[in-house]
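This is what each chain is made of:
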Amino acid sequence: MVIKTEPFILNIGPQHPSTHGVFRMKVTLDGEVVVDVEPVIGYLHRGIEKMGENRTYTQIIPLTDRLDYLASLTNNLAYVLAVEKLADIKVPERAEYLRIIMAEAMRISSHLMAVGFFLNDLGAMMTPVLYMWREREKLLDLFEMVCGQRLTYNYMRIGGVSHDIPEEFLPALKKFVAEMPRFLDEYDQLLATNEIVLVRAKGVGVLPKKTAINIAASGPVLRASGVKWDTRKADPYSIYDRFDFDIPVGSSGDNYDRYWVRMQEMRQSVRILEQAIGQLPNGEVIADVPQLLRPPVGEAYGHIEAPKGELGFYLVSDNSIAPYRFHIHPPTLINLTALKDMAVGWKIADLIITFGSIDVVLGEIDR
Amino acid sequence: MTTALNAEQVARKINKAFPGVVVAADKAAVVVTSESLFKVAEFLKNTPGLDFDYLGDMAGVDYTDYFEVVYRLVSVTHNHSLVLKTRCYDREKPVVPSITSLWRAAYFPERETYDLLGIIFEGHPDLKRLLLWEGFEGHPLRRDYL
């Protein structure tokens, strides 16, 4: 007797621990095998682009904190760079270095979360996350020293940063930089050759190089597919051209490569931090910028390599105190285009880890 | 450093291939007619030497007289970029051809621009609202939406 089967539609989310926020996947299943995935988003839509049109340029900075809330400082950076491009503002040297220090520390913090929760999705419930949080906690303490916040920092300003670092900051950061490679070795020891990680992640959720470029993937997702493209090198902003670092590139574009690229990037960020601490000059931390900025009529696009990919801000000015148009280019939304390519043909359990390997934050996707 | 190509020079190349499609061009951007957008985009993607294989960003702007759609094209092969724009003047039913079949990167941004600005992308595989719910009335990023 032949058993009749038919495809089955399953909604994963919006409230589900593996969706990293309020995200819904409409999955079509053939037994356990994924036939189709459709991401459904918008549950966290706050209309940040519209709100931006009614705020002054400075008032928008706290809004950017709430995009990718696991990497607020890099959001701040991308936005202020776009405004500085628009209004042609020069930033003091010390502020440039402080921005780099904050951005790279933020990258480590964000990647620790990404890797930790990736392993969570693999089924290693909470243990790896707690190991990662041990280090992330130190970074949060550092950020708290500087701006009093642990999540939404609102630290960067147009023309510099809000205030200088306190005395105890540099010794604590130096200690962190000295210790971090050893902790990364420890993670590698536990995970890099772990049989369960290898079996579950190697060869699963492959994103070919050509597709990765065509869907304009960015960040670790693009580099894991073997494309050597990092905005810090390809189109250096701020003072990234002064630092010596490598771009880790994967070979096969599978889940393991995306995990591996993030682990290597943390090592590179530690290298950048070391150099930035060594070169940090004294001086002003903010340029003389009018309190109510009115940039000339025109437009500017500022983009950076955020931890999750290329984050861009497109601003159109009509010479008033608020931008005429405030557009955000969110890296994870674009990376999400690849989810279907990566997940179709694999089991539903693999879909969960493939989704985890993109490293999404819904604040940024829904805006 | 990503080289921003001189848009005037690229505009000349476009004009040679498709006479009359360039509306305006300065150093920063090329503006083409909305009817010709798809073939111009295809030309920019497939012409050797230009090879725009990566869609860096896409945004719609409401200038009240017209809508402008801005495409930031990047070539990962040559590390250069170009800003391509198109305008549509019909407020009731603004239509722009979809470029999702060239760069799948445009899949979500086109849905988002349709959702928030009401620009219809002809040829998009599944054009529906992205961030707002089905049944929402109006397009919030239009300047006349309060």
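Description of the structure in this document. Here the structure is a predicted model, which means the values were calculated and not measured.

## So, the nonpolar core
All names here are of chain A. Counting residues in hydrophobic clusters, the biggest one holds 83 residues, and the most contacted among them are Tyr-79 and Tyr-155. Among the elements that make up this core, the one with the highest residue count is helix α4 (residues 93-122) (14 residues). Excluding its chain neighbours within four sequence positions, the residues that come into contact with Tyr-79 are Tyr-57, Ile-60, Ile-61, Thr-64, Phe-313, Leu-315 and Phe-326.

## A short note on the layout of surface pockets
Over the atoms, a rolled probe matching the size of one water molecule traces out where space is still vacant. Taken as a whole, the largest pocket spans an internal volume of roughly 1,000 Å³. As for the largest pocket, its lining consists of 34 residues, and the residues nearest its centre are Lys-85, Asp-235, Tyr-301, Gly-302 and His-303 of chain A. Those elements that provide at least two residues to the lining of the largest pocket are α3 (72-87), β6 (298-306) and β7 (309-317) of chain A together with β1 (3-4), β5 (67-75) and β6 (80-88) of chain B. If one sorts the elements of the lining of the largest pocket by residue count, β6 of chain A sits on top with five residues. Taken together, the residues of the lining of the largest pocket sort by class into 17 nonpolar, seven polar and 10 charged.

## Things to note about the sheet that holds β7 of chain A
Residues and elements named next belong to chain A. Here we have three strands laid out as an open sheet, ordered β6-β7-β8, and antiparallel in their pairing. The strands lining the two open edges of the sheet, one partner per strand, are β6 and β8 (325-329). For this sheet, the mean inter-axis angle between neighbouring strands, taken without regard to orientation, is 10 degrees. With five bridges joining them, β7 and β8 adopt antiparallel strand pairing. In the sheet register, Val-316 faces β8, and the bridge partner there is Arg-325.

## Let's talk about the interface of chain A and chain B
When the parts of a complex come together, some accessible area is lost, and that lost area is often used as the size of the interface. Taken residue by residue, the interface counts 39 residues in chain A and 42 residues in chain B. Carbon and sulfur atoms make up 54% of the surface buried where chain A meets chain B, a total of about 3,300 Å² over both sides. It is Asn-214, Trp-229 and Tyr-324 of chain A that lose the most area in chain A upon contact with chain B, and together they represent 20% of the buried surface on that side. Inspection of the chain A/chain B interface yields five salt bridges. Along the contact surface separating chain A from chain B lie 21 residue pairs in polar contact (both at pLDDT 80 or more).

## Some details on the packing of aromatic side chains
To describe a pair of aromatic rings, you give the distance between the ring centres and the angle between the ring planes. On inspection of all chains with the given rule, the structure shows 20 aromatic pairs over all chains. Measuring from ring centre to ring centre gives 5.5 Å for Tyr-256 of chain A and Tyr-259 of chain A, while their planes differ by 55 degrees; the resulting arrangement is tilted. Of this pair, Tyr-256 of chain A and Tyr-259 of chain A are both found in helix α11 (residues 255-279), three residues apart, which corresponds to roughly one turn of the helix. There is no split in this pair, since Tyr-256 of chain A and Tyr-259 of chain A are both buried. The interplanar angle of 40 degrees and the centroid separation of 5.5 Å between the aromatic rings of Tyr-63 of chain B and Tyr-66 of chain B together place this pair among those described as tilted. When its relative accessible area of 18% is taken as the criterion, Tyr-66 of chain B is described as buried. A cation sits over an aromatic face here: Arg-72 of chain B above Tyr-301 of chain A, 4.0 Å from the ring centre.

Conventions and cut-offs
- Residues numbered from 1 in each chain as written.
- Chains lettered and ligands numbered in written order.
- Predicted model: local features only at pLDDT ≥ 70, side-chain atom pairs only at ≥ 80, totals over all residues.
- Heavy atoms only, no water.
- Core = buried A, V, L, I, M, F, W, Y, C linked by side-chain atoms within 4.5 Å.
- Buried < 20%, exposed > 50% of the residue type's maximum accessible area, 1.4 Å probe, protein only.
- Helix = DSSP H or I, 4+ residues; strand = E, 2+ residues; numbered from the N terminus.
- Contact = heavy atoms within 4.5 Å.
- 1 Å grid on protein atoms, 1.4 Å probe; cavity = no way out; pocket = protein on both sides within 12 Å on 5 of 7 lines; lining within 4 Å.
- Points joined across faces, edges and corners; volume = space filled by probe spheres on them.
- Nonpolar A, V, L, I, M, F, W, Y, C, P; charged D, E, K, R; others polar.
- Pairing = 2+ DSSP bridges.
- Axes fitted to C-alpha atoms, helices over the stretch in contact; angles between N-to-C directions.
- Buried area = accessible area lost by both parts, 1.4 Å probe.
- Salt bridge = Lys/Arg side-chain N within 4 Å of Asp/Glu carboxyl O.
- Polar contact = N/O pair within 3.5 Å; in protein donor to acceptor, adjacent residues only side chain to side chain.
- Phe/Tyr/Trp six-rings, centres within 6.5 Å; stacked < 30°, edge-to-face > 60°.
- Lys NZ or Arg CZ within 6 Å of the ring centre and 35° of its normal.

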